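Single-letter residue listing:
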Amino acid sequence: MSIISKNIQNAATLLKADKLVAIPTETVYGLAGNIYSETAIKRIFETKKRPLFNPLIVHIPSIESLEDIVSYVPEKASLLAEAFWPGSMTLVLKKHANIPDLITAGKDTVAVRVPNHPLTLELLQTLPFPLAAPSANPFGSISPTKPEHVERYFKDAIGQVLDGGPCANGIESTIIGFENNEPVIYRLGALALEDIEAVVGKVSIKNKKEVSPDAPGMLERHYAPSTRTFLTDNVSEEVKKHLGKHIGVLVFKSEVNSNAVATQIILSQEGDMAEAASKLYDAMHDLDHQNLDVIIAERFPDYGLGKSINDRLQRATF
Ligand code: TXA
Ligand code: MG
């Protein structure tokens, strides 16, 4: 029997019993549990095989719930929350004393967001507790953007995938921390840098592996298919280096003309980066299940969502 279902009441019942439910969000599917249940939170780490030093994001139903989660909100954090919640932005703020150390990996800050998906907002409003939810994939692998992706990963380990269809944005939220009350981007994501800067002015970016203590999940290899993946500005040239192999290609908008390519996915014929982002992980899942020898991915223009997509593609290579 499939664990994919739209039944919100069933999801709520499971979560109240310390079980895990995969929840849809507009970014990616999350593997959710009650933030105040030690049993549930330990299950999240075990199910994902995620190291305990990597903290979780707390999902809340509205800005009003923020006061239960954090102890201090800088002015620019308020501006951002008002502008973008519900939405694809996570804020890292000083934590409320009640937030368990397991959630924050012992840090004095907590990551929090209001996701923008009607089913999950309804679920969060029903529940008497917020949900911790990392992306619903085994540690290091490609994040899920469809219920079927989660089912394939965790069929036997979780009670339900709450079926919210394909994720509209398709890459993880943008994570913003605060240093001396000034916003710092810890992870590029589904909310473009330019949109953030339009609200709070210039922000700095610490998205690199050398600052991994700030966002411990930002390991260099992450979001990775099991098929060897290359990132390039010139797909045709890269293809020539792998002749004779079973090659899959992932391009932005224009097809590559080459007999050497076995399969090819175009992310947006119109050249729309939002459309490309929404399809990115599904394309990676798809290519990864075609028994290819290599995947060759095209680098995106380095602005807007292209910057975030390039970050993910870079981490998919090794
Ligand atoms: O779009 C998303 O953000 C999805 C959906 C399900 O909401 N969630 C997600 O969670 O991507 P996860 O666990 O895969 O990534 C969370 C990231 C990790 O890189 C983690 O290190 C960082 O957030 N993080 C969590 N708490 C933090 C904290 N207190 N300080 C800095 N980084 C933190
Ligand atoms: Mg993740």
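Small disclaimer: the values here were computed from a predicted structure and weren't measured.

A. Broad picture of the sheet that holds strand β1 (residues 4-5). Strand order across the open sheet formed by 11 strands is β1-β8-β2-β3-β7-β4-β6-β5-β9-β10-β11, with mixed pairing between neighbours. Of all the strands in the sheet, just β1 and β11 (204-205) have a single pairing partner and so form its edges. Where β1 and strand β8 (residues 160-162) come together, 2 bridges link them in parallel fashion. If you follow serine 5 over to β8, its bridge partner there is leucine 162. Against the sheet, helix α3 (residues 75-84) engages β5 (89-94), β9 (174-179) and β10 (182-187), with an angle of about 155° to β5.

B. Structural context of the packing of helix α1 (residues 8-16) against helix α5 (residues 118-126). The N-to-C vectors of α1 and α5 enclose an angle of 50°; their axes lie 10 Å apart at closest approach. Taken together, the axis directions place α1 and α5 in an arrangement best described as oblique. Along this stretch, α1 crosses α5, giving a crossing that reads as right-handed. Note on element contacts: α5 touches α1 through Leu119, Glu122, Leu123 and Thr126, opposite Ile8, Gln9, Ala11, Ala12 and Leu15. Tallied by class, residues from the contact of α1 with α5 come to 6 nonpolar, 2 polar and 1 charged.

C. Local environment of the side chain of histidine 149. Tracing the sequence through the fold places histidine 149 in helix α6 (residues 147-154). Of the residues examined, histidine 149 reaches a relative accessible area of 3% and is grouped as buried. At a separation of 3.0 Å, a polar atom in the side chain of histidine 149 contacts the main-chain amide nitrogen of threonine 145. Other than its neighbours up to four places away in sequence, histidine 149 contacts Pro144, Asp282 and His285.

D. Quick look at the pairing of strand β6 (residues 109-113). Counting buried positions along β6 gives 5 out of 5 residues, so the element sits mostly inside the fold. Side-chain alternation along β6 places Thr109, Ala111 and Arg113 on one buried face and Val110 and Val112 on a second face that is also buried. Direction of pairing for β5 relative to β6: antiparallel, over a ladder of 4 bridges. Within β6, the position partnered with lysine 94 by the bridge is threonine 109.

E. Inspection of the sheet that holds strand β12 (residues 228-232) at higher detail. Spatially, 4 strands are ordered β12-β15-β13-β14 in an open sheet, and the strand pairing comes out parallel. If you trace the sheet from one side to the other, it starts and ends with β12 and β14 (261-266), each paired once. Put simply, the sheet's adjacent strands are angled 20° from each other on average, direction ignored. Inspection of the sheet shows β12 paired to strand β15 (residues 294-298) by 5 bridges, in the parallel sense. Across the sheet, the residue bridging to phenylalanine 230 is isoleucine 296, located in β15. Lying on the sheet, helix α9 (residues 273-288) is in contact with β13 (247-251), β14 and β15; it crosses β13 at an angle near 175°. Strand contacts of helix α10 (residues 305-316): β12, β13 and β15, with the helix running at about 140° to β12, the strand carrying the most contacts.

The rules behind these values
- Residues numbered from 1 in each chain as written.
- Chains lettered and ligands numbered in written order.
- Predicted model: local features only at pLDDT ≥ 70, side-chain atom pairs only at ≥ 80, totals over all residues.
- Heavy atoms only, no water.
- Pairing = 2+ DSSP bridges.
- Helix = DSSP H or I, 4+ residues; strand = E, 2+ residues; numbered from the N terminus.
- Contact = heavy atoms within 4.5 Å.
- Axes fitted to C-alpha atoms, helices over the stretch in contact; angles between N-to-C directions.
- Parallel < 35°, antiparallel > 145°, perpendicular 65-115°, else oblique.
- Left-handed = near helix turned anticlockwise from the far one by under 90°.
- Nonpolar A, V, L, I, M, F, W, Y, C, P; charged D, E, K, R; others polar.
- Buried < 20%, exposed > 50% of the residue type's maximum accessible area, 1.4 Å probe, protein only.
- Polar contact = N/O pair within 3.5 Å; in protein donor to acceptor, adjacent residues only side chain to side chain.

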